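Listed here are the chains, written in short residue letters.
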Amino acid sequence: QVQFVESGGGLMQPGGSLRLPCAASGIMFRNYAMGWYRQAPGKQRELVARVSSGGRTNYADSVRGRFSISRDNAKNTVYLQMNGLKPEDTGVYYCNSVTMNLSLPDDGWGQGTQVTVSS
């Protein structure tokens, strides 16, 4: 059974940094493109960063230049380094695989980790 466990969230002031790890199990992790998704209050869940199986990264415009995604295949873990946090980064952050057409995966969703950016 596929399982993703996110952690590392918290309450941060604008301009702060956080690093979110996500541990994966039940999949051949190294073979999958992985992504970090964000669901802001009252909004749909969106893909904000992704890393291919080969390590190529891509970011949503809203986070490009501030967030960095990476993966450690030996640990079955994907990370999201978040710098220069803004109040609009507030939301629940999830990791999951990335589909071919970038639509939301049907399953595998974990509990997510809450990130709140506020002064």
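Per-chain numbering applies: the sequence of each chain, read as written, is numbered from 1 onward. pLDDT decides what is reported in this predicted model: residues at 70 or higher carry local features, side-chain atom pairs at 80 or more are listed and counted, and totals for whole chains, interfaces and linings draw on all residues regardless. Side-chain measures were taken over the full set of non-hydrogen atoms in the model, leaving aside hydrogen atoms and water.

J.: Help me get a handle on the layout of surface pockets, residues and values and all.
T.: We place a 1 Å grid over just the protein atoms. Points where a 1.4 Å probe fits but has no way out form a cavity, open points with protein on both sides within 12 Å along at least 5 of 7 lines form a pocket, and any residue with an atom within 4 Å of a point lines it. Grid points are joined across faces, edges and corners, and a volume is the space filled by probe spheres set on the points. The computed volume of the largest pocket comes to approximately 190 Å³. We count a stretch as a helix when DSSP gives it H or I for four or more residues in a row; a strand needs E for two or more, and each element gets its number in order from the N terminus. Sorting the residues of the lining of the largest pocket by element identifies strand E5 (46–51) and strand E6 (57–59) as the ones contributing at least two each. Among the residues making up the lining of the largest pocket, the classes are represented as six nonpolar, five polar and two charged. Residues are sorted three ways: Asp, Glu, Lys and Arg are charged, Ala, Val, Leu, Ile, Met, Phe, Trp, Tyr, Cys and Pro are nonpolar, and all the rest, Gly among them, are polar.

J.: Describe the side chain of Ser97, listing the residues and the values that go with them.
T.: Looking at the secondary structure, you find Ser97 in strand E9 (residues 91–97). Only protein chains enter the accessibility calculation, which uses a 1.4 Å probe; a residue whose area is less than 20% of its type maximum is buried, one above 50% is exposed, and one in between is partly exposed. Given the relative accessible area of 16%, Ser97 is considered buried. A distance of 3.4 Å separates the side chain of Ser97 from the side chain of Asn96, its partner in a polar contact. Residue contacts are counted whenever heavy atoms from the two residues lie within 4.5 Å of one another. Among residues more than four places away in sequence, those in contact with Ser97 are Phe4, Tyr32, Ala33, Met34, Tyr37 and Pro105. N or O atoms within 3.5 Å of each other form a polar contact, as long as, within protein, one can give a hydrogen and the other can take it, and as long as residues adjacent in sequence are counted only when both atoms are side-chain atoms.

J.: Can you tell me about the sheet that holds strand E3 (residues 18–25), naming the residues and giving the values?
T.: One requirement defines pairing of two strands: DSSP has to find at least two bridges between them. In spatial order, the strands read E1-E3-E8-E7; together these four strands make up an open sheet with antiparallel pairing. The open sheet has two edge strands, strand E1 (3–6) and strand E7 (67–72), and neither has a second partner. Here the average twist between neighbouring strands, direction ignored, is 20 degrees. As judged from the four bridges shared by E1 and E3, these two strands associate in the antiparallel manner. Across the sheet, the residue bridging to Phe4 is Ala24, located in E3. Helix axes use the C-alpha atoms of the stretch in contact, all axes being lines fitted to C-alpha atoms, and the angles between their N-to-C directions lie in the range 0 to 180 degrees.

J.: Tell me what's going on with the side chain of Arg71, and back it up with residues and numbers.
T.: Mapping Arg71 onto the fold places it in strand E7. When charges are counted, Lys and Arg contribute as positive and Asp and Glu as negative, whereas His and the chain ends are disregarded. By definition here, a salt bridge exists when the distance from a side-chain nitrogen of Lys or Arg to a carboxyl oxygen of Asp or Glu is within 4 Å. Buried within the structure, Arg71 lacks any salt-bridge partner; its nearest side chain of opposite charge belongs to Asp72, at an N-O separation of 8.4 Å. Within the structure, Arg71 has its side chain in polar contact with the backbone oxygen of Tyr32 (distance 2.7 Å). Engagement of the side chain of Arg71 in a polar contact is seen with the backbone oxygen of Ser52, the distance being 3.0 Å. In this structure Arg71 touches Phe29, Arg30, Tyr32, Ala33, Met34, Val51, Ser52, Ser53, Thr77 and Val78, once residues within four positions along its chain are discounted.

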